[in-house]
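The chain contents come next:
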Amino acid sequence: MYKKILLSTIALAALLAGPAGAQTAQTGDRGFYGGFGLGSTDSDLTGAIDKRDTVWKAFGGYQLNRYLGVEAGYIDLGNTAIPGATFSSKALTAAAVGSLPLNPQFALFGKLGLAQVETDVNGRTDNNFDPTYGIGLRYDFTRQIGLRGEWERFRVSGNPFAAKSDTDLYSVSLQYRFY
């Protein structure tokens, strides 16, 4: 369902880009930004009963120039269950964010970084530190306010019940720039 919402949001933003283009200036400055998002996760954990969960994230970063920034965040990756075990995961992230402006409102972006993922399995906590990456599209309504749609991948650590598995996060986030 969140994939449909994400695609619909991107399509709506594309339709609105033309008229808004004459009113919005390109943001090439440097400075701090932050945001909050909602989304859905999908895990490739074999035998999972609940593969989809609603999740949230908060992030903040510093834009070094119009093409490169650094970002940190907290993500609640939700819950997944297999017979006999319930997995609850959350992640702390740090990433470099590369942006490719398409016009004054739209920019493609990609992330590459590290994530510390903590997974609670029936009261037992397991941590891992693995690479994370993602891609997305940002639409700027104004110089300060933007909307991001993105996909990110996280590695959820192994434990006595299962080996490591990949968890995909599909999210829509509101971003605010403080510059």
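Above: the structure in question.
Here's what I pulled together on the structure shown here.

Quick notes on the rules
Residues numbered from 1 in each chain as written. Predicted model: local features only at pLDDT ≥ 70, side-chain atom pairs only at ≥ 80, totals over all residues. Heavy atoms only, no water. Helix = DSSP H or I, 4+ residues; strand = E, 2+ residues; numbered from the N terminus. Buried < 20%, exposed > 50% of the residue type's maximum accessible area, 1.4 Å probe, protein only. Areas by Shrake-Rupley, 256 points an atom, 1.4 Å probe, with all protein chains shown as cover. Pairing = 2+ DSSP bridges. Core = buried A, V, L, I, M, F, W, Y, C linked by side-chain atoms within 4.5 Å. Contact = heavy atoms within 4.5 Å. Patch = residues over 30% accessible without salt bridge, like charges linked within 9 Å, V, L, I, M, F, W, Y side chains within 5 Å. Salt bridge = Lys/Arg side-chain N within 4 Å of Asp/Glu carboxyl O. Phe/Tyr/Trp six-rings, centres within 6.5 Å; stacked < 30°, edge-to-face > 60°. Polar contact = N/O pair within 3.5 Å; in protein donor to acceptor, adjacent residues only side chain to side chain.

Structural notes on the overall build of the chain
Alright, step 1. When you go through the chain residue by residue, the secondary structure sums to one helix and eight strands.
Alright, step 2. When the 179 residues of the chain are sorted by exposure, 47% land in the buried category.
Alright, step 3. By element, 63% of the accessible surface of the chain is carried by carbon and sulfur atoms, the whole surface being about 8800 Å².

Section: the pairing of strand β5 (residues 106–121)
Alright, step 1. Both strand β4 (residues 85–101) and β5 contribute to a ladder of 15 bridges, which runs antiparallel. Within the sheet, the bridge partner assigned to A91 lies in β5 and is V117.
Alright, step 2. Taking the residues between adjacent antiparallel strands as the criterion, β5 and strand β6 (residues 124–140) are bridged by two residues, where N122 takes a positive phi near 50°.

Quick word on the nonpolar core
Alright, step 1. If you look at the biggest cluster of nonpolar residues, it comprises nine residues: V55, I75, L77, A91, A115, V117, F154, V156 and L169.
Alright, step 2. Of all elements in the fold, only β3 (68–82), β5 and β7 (145–156) reach the threshold of two or more residues within this core.
Alright, step 3. Excluding residues within four positions of it along the chain, A115 makes contact with L92, T93, N128, F129, D130, T132 and F154.

Quick word on a nonpolar patch on the surface
Alright, step 1. On the surface, F32, F141, I145, L174, Y176 and F178 cluster together into a nonpolar patch covering about 640 Å² of accessible area.
Alright, step 2. Mapped onto the fold, F141 is located in the loop between β6 and β7.
Alright, step 3. The partly exposed category is assigned to F141, whose relative accessible area is 38%.

Overview of the packing of aromatic side chains
Alright, step 1. Counting across every chain of the model gives eight aromatic pairs.
Alright, step 2. Centroid distance F32 to Y62: 4.8 Å. Interplanar angle 70°. Geometry classified as edge-to-face. Linking F32 in strand β1 (residues 31–43) with Y62 in strand β2 (residues 52–63), this pair joins segments that are 30 residues apart in sequence.
Alright, step 3. Judged by centre distance (5.9 Å) and plane angle (25°), the rings of F36 and W56 are stacked.

Focus: the pairing of β4
Alright, step 1. Taken together, the 14 bridges between β3 and β4 define a ladder with antiparallel strand orientation. Bridge assignment links N79 to a residue of β4, and that residue is S88.
Alright, step 2. Here β4 folds back onto β5 in antiparallel fashion, the turn holding four residues.

Concerning the side chain of S89
Alright, step 1. On the secondary structure map, S89 appears in strand β4.
Alright, step 2. Within the structure, the side chain of S89 is placed 3.1 Å from the side chain of T119, a separation counted as a polar contact.
Alright, step 3. When residues no more than four places from it in sequence are discounted, the contact partners of S89 are D76, L77, G78, V117, E118, T119 and V156.

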